[in-house]
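One-letter residues, chain by chain:
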Amino acid sequence: MQRIDATDSKTIRYKFRKKRFEKVENLIREALKVSDPVTVIDIGGRRDYWDYLSEDLREHVIITTVNFEDELEDYSQKSSDLNIVQVVGDGCDLSQFSDNQFDISHSNSVIEHVGSFANMAKFSSESRRVAKRYYMQTPNLWFPLEPHFGVPFLHWLPAPTRIRLINKYAVGYSERVEPIEEAIDEIDHLSLINASLVKTFFPDGEIHRERFALMTKSLITIGPE
């Protein structure tokens, strides 16, 4: 799938993400009252995402990003004045890290890509285990625009239909996905969830609803509350 540039300040994606990032900074500022520097594990995160971080916080935060090995090159953009360590790992199994090793665990639009609901449960459990507090954001299943392809209602179609569509056509932002095995894998790792499931996976968190045109565009949970 073609990656959409969310760092372009002229795009609506940038504006939403910048506004959303204020919640991340609030968590960091709260943690700074207890610990300096603040340690953050960003599960499935990219270096350039942290360019949003305010200048006054940069020297007070150590960020560990966790990604599969084959993703490191794509996610390795340099951020000169940020303290970022890249680690190979799996968000569903963070056994290389101890309980509460970090002040904050963070994931932005990741849980919907981990595969099965069982994997989502593992991902959420590990996110909560390795840090004292967590921030998790994911697109809302019931928002009509599918955010990864930019096509209305696509995510509401049955999985076999979506597989055939992306295999036969260039859909939205994406080029045609070939062969069929890659299309299957793409859809297998793209399952949007609703607020009820977010609450199931993060029972001790508070859900914040990011709205657009009076509808919930994405779901953010912060905890424990």
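The rules we used
Residues numbered from 1 in each chain as written. Predicted model: local features only at pLDDT ≥ 70, side-chain atom pairs only at ≥ 80, totals over all residues. Heavy atoms only, no water. Patch = residues over 30% accessible without salt bridge, like charges linked within 9 Å, V, L, I, M, F, W, Y side chains within 5 Å. Areas by Shrake-Rupley, 256 points an atom, 1.4 Å probe, with all protein chains shown as cover. Salt bridge = Lys/Arg side-chain N within 4 Å of Asp/Glu carboxyl O. Lys, Arg positive; Asp, Glu negative; His and termini not counted. Charge placed at Lys NZ, Arg CZ, Asp CG, Glu CD. Helix = DSSP H or I, 4+ residues; strand = E, 2+ residues; numbered from the N terminus. Contact = heavy atoms within 4.5 Å. Buried < 20%, exposed > 50% of the residue type's maximum accessible area, 1.4 Å probe, protein only. Pairing = 2+ DSSP bridges. Right-handed = clockwise from strand over helix to strand, strands pointing away. pLDDT = per-residue confidence, 0-100.

On the surface, E181, E182, D185 and D188 cluster together into a negatively charged patch. Note on placement: E182 falls in helix α4 (residues 180–188).

Structurally, R20 can be placed in helix α1 (residues 12–32). The contacts of R20, once residues within four sequence positions are left out, are N108, Y135, Q137, E210, K217, S218 and I220.

This part covers the pairing of strand β4 (residues 102–108). Most of β4 sits inside the fold, with 7 of its 7 residues counted as buried. Pairing of strand β1 (residues 38–43) with β4, which is carried by 3 bridges, proceeds in the parallel orientation. Bridge pairing in β4 links D42 to H106. Remark: the β4/helix α2 (residues 117–129)/strand β5 (residues 131–139) crossover connection has right-handed handedness.

What follows concerns the confidence of the model for the chain. Where the model shows low pLDDT, its predicted coordinates should not be examined in detail. Here the chain averages 92 in pLDDT, and 90% of its residues register 70 or above. Between residues 2–6, whose pLDDT stays under 50, and residues either more than four places distant or in other chains, the model counts 12 contacts.

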